[in-house]
Amino acid sequence: MDKEYVGFATLPNQLHRKSVKKGFDFTLMVAGESGLGKSTLIDSLFLTDLYKDRSLLDAQARVPRTLAIERRAVELEEGGVRVKLTVVDTPGFGDAVDNADCWVPIVDYIDQQFEQFFRDESGLNRKNITDGRVHCCLYFVSPFGHGLRPLDVAFLQAVQHKVNIVPVIGRADALTPREVGAMKEKIREQLEANAISIYQFPDCDSDEDEEFKAQDAELKRSIPFAVVGSNDIVRETKEKAFRGRAYPWGAVEVENPVHCDFLKLRTMLVRTHMQDLKEVTQELHYENYRAQCIQSLTRVGAPRPAPAA
């Protein structure tokens, strides 16, 4: 007798419908010195105009500026799937004459989001908790140096156990392909030498198709991503138009994988690893914070030992 059908196979569809109806929260932090195209890249990645009201500061105006934390939120919808995207920007990072401990406000902000989530989770009304925790930090490295600077290393060491770090080389069109390859190798060596933990791609399941496995392997090899952002339309001919940057020597196509890693970064962030970034935030970074909070509360509430007779 054939085994009767019960219906458990519909559970994934049920979970998918429920998740789509509720929508997804995702918080992305961008950090790095000014002038590396952070705002432009975010607008390019999500086809938004989050920074239309931002004015560009000259070098003289940037020098005395202190680091600030800016939050910008937008709701995106594509194919019936809604994403509540929050971008946390850090203008002023690395712009001061003395940048000692300039990352402290960023670390404090990440901890504050953990604290707020912990309070909400421990409260009476836990049905509609807003998740403001930072799920990913895109850290921009300058293409004009020789890999990571001491400031880069100090920042990454300060946040590595609090947030998923994805390093990127900003304005990569300033480098030749050979220079890009050499800089990527240099940054990977520096990350290892300084024992800096960045986001680790999960291993593919054995039942994944070969195309997905190959794509995942290529994403892993591409870290740090060398990126170029632009929402400007470049029209080379009547038939060919693309988003990119035009220069006297030619044009850079943002979505051409030969020119930069923009598509790879977007694939990783949106199509393949957004949920994993959220899960690692919950199961690793937040759980570490939560355990520390509980241990601290336990120590505070523990009875004092009786005095010796």
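Structure report, in brief. (Residues numbered from 1 in each chain as written. Predicted model: local features only at pLDDT ≥ 70, side-chain atom pairs only at ≥ 80, totals over all residues. Heavy atoms only, no water.)

Here the focus is helix α6 (residues 177-193). Spanning 17 residues, α6 covers 24 Å between terminal C-alpha atoms, matching the ideal 24 Å at 1.5 Å per step. Those residues of α6 lying buried are V180, M183, K184, I187, Q190 and L191. For α6, the angular spread of the buried residues around the axis is 130 degrees, confining them to a single face. Residues of α6 that are exposed and point more than 90 degrees away from the buried face comprise R178, E192 and A193. In this structure, the buried residues of α6 make contact with β4 (136-141), α5 (150-159), β5 (165-169), α7 (210-222) and β6 (225-226). (Helix = DSSP H or I, 4+ residues; strand = E, 2+ residues; numbered from the N terminus. Expected span 1.5 Å × (residues − 1). Buried < 20%, exposed > 50% of the residue type's maximum accessible area, 1.4 Å probe, protein only. Arc of directions from axis to C-beta. Contact = heavy atoms within 4.5 Å.)

Turning next to the side chain of K184. When you line up the elements, K184 lands in helix α6. Here K184 falls in the buried class, since its relative accessible area comes to 10%. If near-sequence neighbours (up to four positions away) are discounted, K184 is found in contact with I169, S222, P224, A226 and D261.

Next up on the list: the pattern of salt bridges. The full count for this structure, using the stated rule, is 20 salt bridges. Between E75 and R82 there is a salt bridge whose closest N-O contact spans 3.9 Å. Owing to a relative accessible area of 56%, E75 belongs among the exposed residues under this scheme. For R82, a relative accessible area of 25% puts it in the partly exposed group. (Salt bridge = Lys/Arg side-chain N within 4 Å of Asp/Glu carboxyl O.)

Read from one edge to the other, the open sheet built from three strands follows the order β7-β8-β9, with strand pairing classed as antiparallel. The sheet is open, and its two borders are formed by β7 (233-235) and β9 (250-253), each paired with just one other strand. The average undirected angle you get between the axes of adjacent strands in this sheet is 65 degrees. In this sheet, β9 lies alongside strand β8 (residues 241-247) in antiparallel orientation, the contact comprising four bridges. Counterpart to A246 in the pairing with β9 is A251. (Pairing = 2+ DSSP bridges. Axes fitted to C-alpha atoms, helices over the stretch in contact; angles between N-to-C directions.)

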